[in-house]
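Each chain, letter by letter, is given below.
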Amino acid sequence: LIFQKCAHLRLVCRAEQKPYYRSKLWWCGITLLGLGEVGNFTAYGFAPITLVAPLGCVSVIGSAFISVFFLKRTMRAADILGGTLTITGIYLLVTFTPNVPQELTARQVQNYLVSWPFLVYSIVEIIIFCILLYFYKRKAVKHIMVLLMMVALLASLTVIAVKAVSSMIALSVKGEMQLTYSIFYIMSVLMATSCAFQIKFLNQAMHLYEATAVVPINFVLFTTSAIISGVIFYQEFQSAALLNVFMFLFGCLLSFLGVIVIARNKKEEHLQIPFIDCGHIPGQKLTGKIQPDSHSSCYGTLNKEDDAVKRQS
């Protein structure tokens, strides 16, 4: 995500604008994001959703360190404090995560898919998503919360499908063939479709807002949505002790606080344009470069020879 944001900033500073998907740096970010998702996909086959999803906070810590090199930021005391809180939350998540069977057969997935709690949850989620999509498309509302809430709603379907597909592949590799069931292909299509639209809305958010705002908000919303879907669809907390549930939620809270502390009051430094190149201004034949005077009332404008715009020192 940092690579993608850096690519957007560089494209803004270029005189000749071109689509972001023609940037090598942007595609580098997409490639790394894809590799990370392959790792997530594998993890869902061996661990509960309620454990794998919150561990995404590691990416936020990584973003804080990577930003130092690519977005020219300085490491702050808040970053260290937030990292400490996040690591403590990770320890609690790993220690108190529910111990549930991870080998899911195709028939189990089918039973979960038609259970009434998931059907109610799906209807509510579809209604909320349609309302957000209406404001996004018809009203042109592109607020960061609208974009990232749509990403989170799609993510809940993604993690359900990824968990099912990964588990069925793992069982098939062990010799218990699951790929002959139609539910495997239904879940594969659901996984691919929801992932594609997630990337669309997430990239839109990265283009319009700072990475320091997008990354933590996306993490909190994505994690909350994934945990709810894991609890409802796969019933991962059905037999968990009350203490385990409390400590697990406390670990999530610490992780959220750590992410918020890292992102709080953190301003993104945009790439600076040191001069205005008159040769790239439409209708101008000049090729000189002038340094705008920030103390002048005509800052950023070209002075005419007929003194229509008065010069100020």
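Residues numbered from 1 in each chain as written. Predicted model: local features only at pLDDT ≥ 70, side-chain atom pairs only at ≥ 80, totals over all residues. Heavy atoms only, no water.

It is worth spelling out the overall build of the protein chain at this point. The secondary structure content of the protein chain amounts to 11 helices and two strands. When the helices and strands of the protein chain are placed in sequence order, the string is α-α-α-α-α-α-α-α-α-α-α-β-β. Within the protein chain, the proportion of its 313 residues that are buried is 41%. For the protein chain, restricting intrachain contacts to residue pairs at least 6 apart in sequence, the fraction spanning at least 24 positions comes to 75%. Taken as a whole, the protein chain presents about 17800 Å² of accessible surface, with 66% of it coming from carbon and sulfur. (Helix = DSSP H or I, 4+ residues; strand = E, 2+ residues; numbered from the N terminus. Buried < 20%, exposed > 50% of the residue type's maximum accessible area, 1.4 Å probe, protein only. Contact = heavy atoms within 4.5 Å. Areas by Shrake-Rupley, 256 points an atom, 1.4 Å probe, with all protein chains shown as cover.)

Those places that UniProt annotates as "transmembrane region" (unreviewed entry) correspond, in this numbering, to residues 25-46, 52-71, 78-96, 116-135, 147-173, 179-199, 211-234 and 240-263. As annotated, residues 25-46 comprises 91% helix and 0% strand, and the C-alpha atoms at either end are separated by 33 Å. (UniProt positions renumbered as here; feature names shortened; annotations may be inferred.)

Another aspect to go through is a nonpolar patch on the surface. A contiguous nonpolar patch, built from Trp 116, Val 120, Val 124, Ile 128, Met 145 and Met 149 and spanning about 550 Å² of accessible area, is present on the exposed surface. Tallying contributions element by element places helix α7 (residues 116-137) first for the nonpolar patch, with four residues. Tracing the backbone through its elements, the reader meets Ile 128 in helix α7. On the basis of relative accessibility, which here comes to 34%, the residue Ile 128 falls in the partly exposed class. (Patch = residues over 30% accessible without salt bridge, like charges linked within 9 Å, V, L, I, M, F, W, Y side chains within 5 Å. Salt bridge = Lys/Arg side-chain N within 4 Å of Asp/Glu carboxyl O.)

Counting residues in each nonpolar core, the largest one holds 31 residues, and the members touching the most others are Tyr 44, Met 187, Phe 233 and Tyr 234. Contributing elements (two or more residues each) for this core: α3 (49-52), α6 (106-113), α7, α8 (144-173), α9 (182-208), α10 (211-233) and α11 (242-263). In terms of residue count, α8 provides more of this core than any other element does, seven residues in total. There are two domains that each give this core at least three residues, and those are domain 2 (49-100 + 240-272) and domain 3 (103-235). Excluding residues that lie within four positions of it along the chain, Tyr 44 makes contacts with Ile 49, Val 52, Ala 53, Val 159, Val 162, Lys 163, Ser 166, Ser 167 and Phe 222. One finds Leu 132, Val 146, Leu 148 and Leu 153 within the second-largest nonpolar core, a separate group that totals 18 residues. (Core = buried A, V, L, I, M, F, W, Y, C linked by side-chain atoms within 4.5 Å. Domains from an automatic or database assignment.)

With that settled, consider the side chain of Glu 236. Along the polypeptide, Glu 236 turns up in the loop between α10 and α11. Buried charge without a salt bridge: Glu 236, with Lys 163 as the nearest opposite-charge side chain at an N-O distance of 5.0 Å. From its side chain, Glu 236 meets the backbone nitrogen of Ile 49 in a polar contact 3.0 Å long. Among the polar contacts made by the side chain of Glu 236, one reaches the side chain of Thr 50 at a distance of 2.8 Å. (Lys, Arg positive; Asp, Glu negative; His and termini not counted. Polar contact = N/O pair within 3.5 Å; in protein donor to acceptor, adjacent residues only side chain to side chain.)

Before going further, it helps to spend a moment on unusual backbone geometry. Of note in the backbone geometry, Ala 140 takes a positive phi value of approximately 55 degrees without being a glycine. Relative to the assigned elements, Ala 140 resides in the loop between α7 and α8.

At a minimum axis separation of 8 Å, α7 and α10 run at an interaxial angle of 145 degrees. On the side of α7, the interface is formed by Pro 117, Phe 118 and Tyr 121, while α10 contributes Ser 225, Ile 228, Ser 229, Ile 232 and Phe 233. For the contact of α7 with α10, the per-class residue count stands at six nonpolar, two polar and no charged. (Axes fitted to C-alpha atoms, helices over the stretch in contact; angles between N-to-C directions. Nonpolar A, V, L, I, M, F, W, Y, C, P; charged D, E, K, R; others polar.)

Once that is clear, we can look at the packing of α10 against α11. Packing of α10 against α11 leaves a shortest axis separation of 9 Å and a crossing angle of 165 degrees. It follows from the interaxial angle that α10 and α11 lie roughly antiparallel. Our pair here, α10 against α11, has a crossing hand that is left-handed. Between α10 and α11, the residues in contact are Thr 212, Pro 216, Phe 219, Val 220, Thr 223, Thr 224 and Ile 227 and Phe 248, Cys 252, Ser 255, Phe 256, Val 259 and Ala 263, respectively. Class assignment for the residues of the contact of α10 with α11 results in nine nonpolar, four polar and no charged. (Parallel < 35°, antiparallel > 145°, perpendicular 65-115°, else oblique. Left-handed = near helix turned anticlockwise from the far one by under 90°.)

With that settled, consider the packing of aromatic side chains. Aromatic rings in a pair are described by how distant their centres are and how their planes are angled relative to each other. In the structure shown here, the tally under the stated rule is nine aromatic pairs. With a centroid separation of 5.7 Å and 55 degrees between ring planes, the pair formed by Tyr 112 and Phe 233 is classed as tilted. Here Tyr 112 is found in helix α6, whereas its partner Phe 233 is found in helix α10, with 121 residues between them in sequence. Since its relative accessible area comes to 19%, Tyr 112 is described here as buried. Looking at Phe 233, the relative accessible area reads 0%, which means it is buried. Taking the centre distance of 4.5 Å and the plane angle of 75 degrees together, the rings of Phe 233 and Tyr 234 count as edge-to-face. When sorted by exposure, Phe 233 lands in the same class as Tyr 234, which is buried. (Phe/Tyr/Trp six-rings, centres within 6.5 Å; stacked < 30°, edge-to-face > 60°.)

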